[in-house]
Amino acid sequence: MALESRITQEEIKKEPEKPIDREKTCPLLLRVFTTNNGRHHRPDEFARGNVPSSELQIYTWMDATLKELTSLVKEVYPEARKKGTHFSFAIVFPDPRGKVYRLKDIGSTVSGRKGADDSMTLQSQRFQIGDYLDIAITPPNRAPPLSARMRPF
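For clarity, every value in this text was computed on a predicted model and none was experimentally measured. (Residues numbered from 1 in each chain as written. Predicted model: local features only at pLDDT ≥ 70, side-chain atom pairs only at ≥ 80, totals over all residues. Heavy atoms only, no water.)

**Q** When you look at the overall build of the protein chain in this model, what are you seeing that I'm missing?
**A** Across its full length, the protein chain holds two helices and five strands. Counting helices and strands in the order they occur from the N terminus, the protein chain gives α-β-β-α-β-β-β. Every one of the 153 residues in the protein chain was classed for burial, and the buried ones make up 36%. Of the contacts made within the protein chain by residues no fewer than 6 positions apart, 69% connect residues no fewer than 24 positions apart. Approximately 10600 Å² of the protein chain is accessible, and the part contributed by carbon and sulfur atoms is 52%. (Helix = DSSP H or I, 4+ residues; strand = E, 2+ residues; numbered from the N terminus. Buried < 20%, exposed > 50% of the residue type's maximum accessible area, 1.4 Å probe, protein only. Contact = heavy atoms within 4.5 Å. Areas by Shrake-Rupley, 256 points an atom, 1.4 Å probe, with all protein chains shown as cover.)

Okay, here's the thing in structure tokens:
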């Protein structure tokens, strides 16, 4: 006799995130790697214990939003403060089937503008402690590279 699950994908997505009490919860160390050419690092740059040289270390919580992380990056990089600067976020994680790393695009923000991904959290994107965050920064005078979500065809 076969049993079917009656839980739909919509119900799984509607499951509310548990609020994190930042007064009682210890923050995690988020290792962030940035580029200012609008492109993410290649996955092989993280292979065999190596990491890119452009590392920021941020103590934060799993409920940190992309907008919150954007403002922390802008504190370190004054050139990224210009209105219209584009920040593209990707989680870098080890592939469980091999000794390689994978990149998963999770969203983007634009300095000085509100966007749909601003309130997206690390937790909502299944970030796990130990993963890296890669941020491709594009200055306002250069268009960001087209992502899979913004293909012109």
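Alright, that's what it looks like, and here's the rest.
**Q** What is the right way to read helix α2 (residues 66–76) from this model?
**A** In an α-helix, one turn spans 3.6 residues; hence positions three or four apart end up facing the same way. Listed in full, the buried residues belonging to α2 are Leu 66, Leu 69, Thr 70, Val 73 and Lys 74. Burial along α2 is one-sided: seen end-on, the buried residues are contained in an arc of 140°. Lining the buried residues of α2 we find β1 (28–35), β2 (55–60), β3 (86–94), β4 (101–110) and β5 (132–138). (Arc of directions from axis to C-beta.)

**Q** What am I meant to see in the sheet that holds β3 here?
**A** Two pairing modes exist for strands in a sheet, parallel and antiparallel, and in both the strands are linked by backbone hydrogen bonds. Judged by pairing direction, the sheet is mixed, and its five strands sit side by side in the order β2-β1-β5-β3-β4 without closing on themselves. Only two strands of the sheet have a single neighbouring strand rather than two, namely β2 and β4. Averaged over neighbouring strand pairs, the angle between their axes works out to 30° when direction is ignored. Pairing of β3 with β5, which is carried by seven bridges, proceeds in the antiparallel orientation. Opposite Phe 87, over in β5, you have Ile 137 as the bridge partner. Contacting β1, β2, β3, β4 and β5, α2 crosses the sheet at an angle of about 85° to β4. (Pairing = 2+ DSSP bridges. Axes fitted to C-alpha atoms, helices over the stretch in contact; angles between N-to-C directions.)

**Q** I keep staring at the nonpolar core and nothing clicks. Help me out?
**A** General note: in soluble globular proteins, nonpolar side chains tend to be found buried as a group. Within the largest apolar cluster, 21 residues are counted, with the highest numbers of intra-cluster contacts made by Leu 30, Leu 69, Phe 89, Leu 133 and Ile 135. Elements that contribute at least two residues to this core include exactly β1, β2, α2, β3 and β5. Aside from chain neighbours lying at most four places away, what touches Leu 69 is Leu 30, Thr 60, Ala 64, Phe 89, Leu 122 and Leu 133. (Core = buried A, V, L, I, M, F, W, Y, C linked by side-chain atoms within 4.5 Å.)

**Q** Just checking my understanding: could you explain the pattern of salt bridges for this structure?
**A** Pairs can form between side chains of opposite charge once their charged atoms are near each other. The full count for this structure, using the stated rule, is eight salt bridges. Across the salt bridge formed by Arg 22 and Glu 68, the nearest N and O atoms sit 3.0 Å from each other. Note that Arg 22 is positioned in the loop between α1 (9–14) and β1 and Glu 68 in helix α2, a separation of 46 residues in sequence. Sharing partners across several salt bridges, the network here consists of Arg 22, Asp 63 and Glu 68. (Salt bridge = Lys/Arg side-chain N within 4 Å of Asp/Glu carboxyl O.)

**Q** In this structure, what is going on with the side chain of Thr 34? I would like to understand it.
**A** Along the chain, the position of Thr 34 falls in strand β1. Among the polar contacts made by the side chain of Thr 34, one reaches the side chain of Tyr 77 at a distance of 3.2 Å. Setting aside chain neighbours within four positions, we find Thr 34 in contact with His 41, Ser 54, Leu 56, Tyr 77, Ile 135 and Ile 137. (Polar contact = N/O pair within 3.5 Å; in protein donor to acceptor, adjacent residues only side chain to side chain.)

**Q** Whenever I open this one, the packing of aromatic side chains confuses me. Can you help?
**A** Pairs of aromatic rings are described using the distance from one ring centre to the other and the angle between the two planes. For the structure shown, the criterion picks out five aromatic pairs. With 5.4 Å between their ring centres and 80° between their planes, Phe 33 and Phe 46 make a pair best called edge-to-face. Taken together, the positions of Phe 33 in strand β1 and Phe 46 in the loop between β1 and β2 put the pair 13 residues apart, joining distant regions of the chain. Look at Phe 46 and you get buried, because its relative accessible area is 1%. Considering the side-chain rings of Phe 46 and Tyr 101, the 6.2 Å spacing of their centres and the 45° angle between planes classify their relative orientation as tilted. Of this pair, Phe 46 sits in the loop between β1 and β2 while Tyr 101 sits in strand β4, and the two are 55 residues apart along the sequence. On the accessibility criterion, Tyr 101 (21% relative accessible area) is partly exposed. Among the aromatic residues, those joined into a cluster by ring pairs are Phe 33, Phe 46, Tyr 101 and Tyr 132. (Phe/Tyr/Trp six-rings, centres within 6.5 Å; stacked < 30°, edge-to-face > 60°.)

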